[in-house]
Amino acid sequence: MKRLIIQITFFIATNLNIKGFFEGRIYQGASKNICVPGLNCYSCPGALGSCPIGSLQAVIGSLRYRVSYYVLGLLALFGLAFGRLICGWLCPFGLVQDLIHRIKVKKYTVPQRLDHGMRYIKYVILIVFVILMPMFLTNDFGMARPYFCQYICPSGTLFGGIPLMISNPALRQAAGLLFNWKAGLLFVFLGTSLFIYRPFCKYICPLGAIYAFFNKYSLYRFEIDKTKCTHCHKCEKACKMQVPVMSQPNHKECIRCGDCKKACPAKAIK
Amino acid sequence: MEKRINIIRIGIFITSICFVAFGLYREEHAIVLKKAINICLECIGIG
C-alpha cells in the first residue's frame, strides 16, 4: 500500500499540468529541459518533464548529434541512485500495470525457459528501436523519427494520445492506422497485465533494460543476512518478477517492490 | 567485493556528471525541450 501511495503521488507530482487535459494542449515550461526517471510521455497533457527514452531518440535522431551525452548522463545518475526501483516505484506505466494486475482473476506465470528468453527482447528493442534506427534510418535532412515511440510505446498512447484525442477534435480526426496499431498494442499490454505481472516491464521496456544494468551498483540495494536466512524460499515464491532472490538479491530484473521482504519470516532481507 | 562496487559507483558517478555537463555544453537540453514542448505526433500515434 505504501508503494502504491508513492507511485500515485509521484505520478501526480510529475503530471501537474491539469488544465492541459481540458484544453487538449501540453505543458511548454522550462522544466521540460529535464527528464523524469520513468516512462512518462512528454506529450501527456499533464507532463512537467520529458520522457528519457523519447529524449534519447530526439537527440540521436536530430540534425546535429548522433549520441546524447545529456540524456545518457541523466539516466546513469538515476540508475546509480535507484536502479530499477524506478520501475517499481516511480514509473507511471508500471503503476497502471500494477493497478490492472490487482483485479481478481486467475494469475499465470510464464514458463521459466520461455520467460528467460523473452526477457532479452527489451535489450533488442533498446538497441534497435531506440539507438540504431534513429541513428541510421534518417531522412534526406539527416533527421530520424522516434521509432520506439512511434511504433511500440504504449505509455505515449495511454498518457498522451488518448487524453489529447478526447480533448482535441483536430487530433481525433487525424488518427488513422498508426493510432489503431498503437491502441491495439496498448490493449494487448494492459490485457496481458491482468494475468501476468508487468509484461511490458519484463519483456519490452527499453528504460527497464537501461536501469537493469545499474541494479547491481545502485545505492539502493537488497542484502541477505545469511545468519538469519532459513532457506525457506518464501521470498522467491512471493516475487512476481521471478527473481532468484536468495542467490541474487540485486538481480537485474528486481524492481524493488519489496514483496520478498514482506514474505520473509526471518526478516533476513535488508 | 564491496570495495569494487564502490569504485564502480564512483566511476559511474563521475562519468555521468561529465556526460551531463558535456551534453549541456552541446546544448542537447535545447533539443530535448524543443521536442517535449510540441505535441509529438509519432508518440501519440498520428505522425
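Residues numbered from 1 in each chain as written. Chains lettered and ligands numbered in written order. Predicted model: local features only at pLDDT ≥ 70, side-chain atom pairs only at ≥ 80, totals over all residues.

Focus: the overall build of chain B
A count of helices and strands for chain B gives three helices and zero strands. Ordered by position from N to C terminus, the α and β elements of chain B give α-α-α. When the backbone C-alpha atoms are referred to their principal axes, chain B occupies close to 50 × 25 × 10 Å. Expressed as a percentage of its 47 residues, the buried residues of chain B come to 38%. (Helix = DSSP H or I, 4+ residues; strand = E, 2+ residues; numbered from the N terminus. Buried ≥ 20, exposed ≤ 12 C-beta atoms within 10 Å, placed from the backbone.)

Thoughts on the overall build of chain A
The secondary structure content of chain A amounts to 16 helices and zero strands. With respect to the three principal axes, the spread of C-alpha positions in chain A is 60 × 40 × 35 Å. For chain A, buried positions account for 50% of its 270 residues. Sequence-distant contacts, at least 24 apart, represent 69% of the contacts inside chain A between residues at least 6 apart. (Contact = placed C-beta atoms within 7 Å.)

Focus: the domain arrangement of chain A
Residue and element names in this part refer to chain A. When the domains of chain A are assigned, the result is domain 1 (2-220) and domain 2 (222-270). Each of domain 1 and domain 2 has a C-alpha centre, and the two are 27 Å apart. Only α5 (85-89) and α13 (199-203) provide two or more residues apiece to the side of domain 1 that touches domain 2. At four residues, the largest contribution of residues to the side of domain 1 that touches domain 2 is made by α5. For the side of domain 1 that touches domain 2, the residue count by class is seven nonpolar, three polar and six charged. (Domains from an automatic or database assignment. Nonpolar A, V, L, I, M, F, W, Y, C, P; charged D, E, K, R; others polar.)

Quick look at the interface of chain A and chain B
Contacts between the two partners involve 42 residues from chain A, matched on the other side by 30 residues from chain B. The element that contributes the greatest number of residues to the side of chain A that touches chain B is helix α4 (residues 69-82) of chain A, accounting for nine residues.

Quick look at the packing of helix α3 (residues 52-60) of chain A against α4 of chain A
Residue and element names in this part refer to chain A. As a packed pair, α3 and α4 sit with axes 9 Å apart at the nearest point and diverge in direction by 155 degrees. One finds that α3 runs roughly antiparallel with respect to α4. Of the two elements, α3 crosses α4, and the hand of that crossing is left-handed. Contact residues: Pro52, Ser55, Leu56 and Val59 in α3; Val71, Leu74 and Leu75 in α4. (Axes fitted to C-alpha atoms, helices over the stretch in contact; angles between N-to-C directions. Parallel < 35°, antiparallel > 145°, perpendicular 65-115°, else oblique. Left-handed = near helix turned anticlockwise from the far one by under 90°.)

Quick word on the nonpolar core
All names here are of chain A. Formed by 91 residues in total, the largest nonpolar core has its most connected members in Val71, Ile86, Val130 and Phe148. When residues in this core are grouped by element, the largest group, 10 residues, is from α4. No fewer than three residues from each of domain 1 (2-220) and domain 2 (222-270) sit in this core. With residues near it in sequence (within four places) discarded, isoleucine 86 still touches Pro37, Gly38, Phe78, Cys91 and Tyr211. (Core = buried A, V, L, I, M, F, W, Y, C linked by C-beta atoms within 7 Å.)

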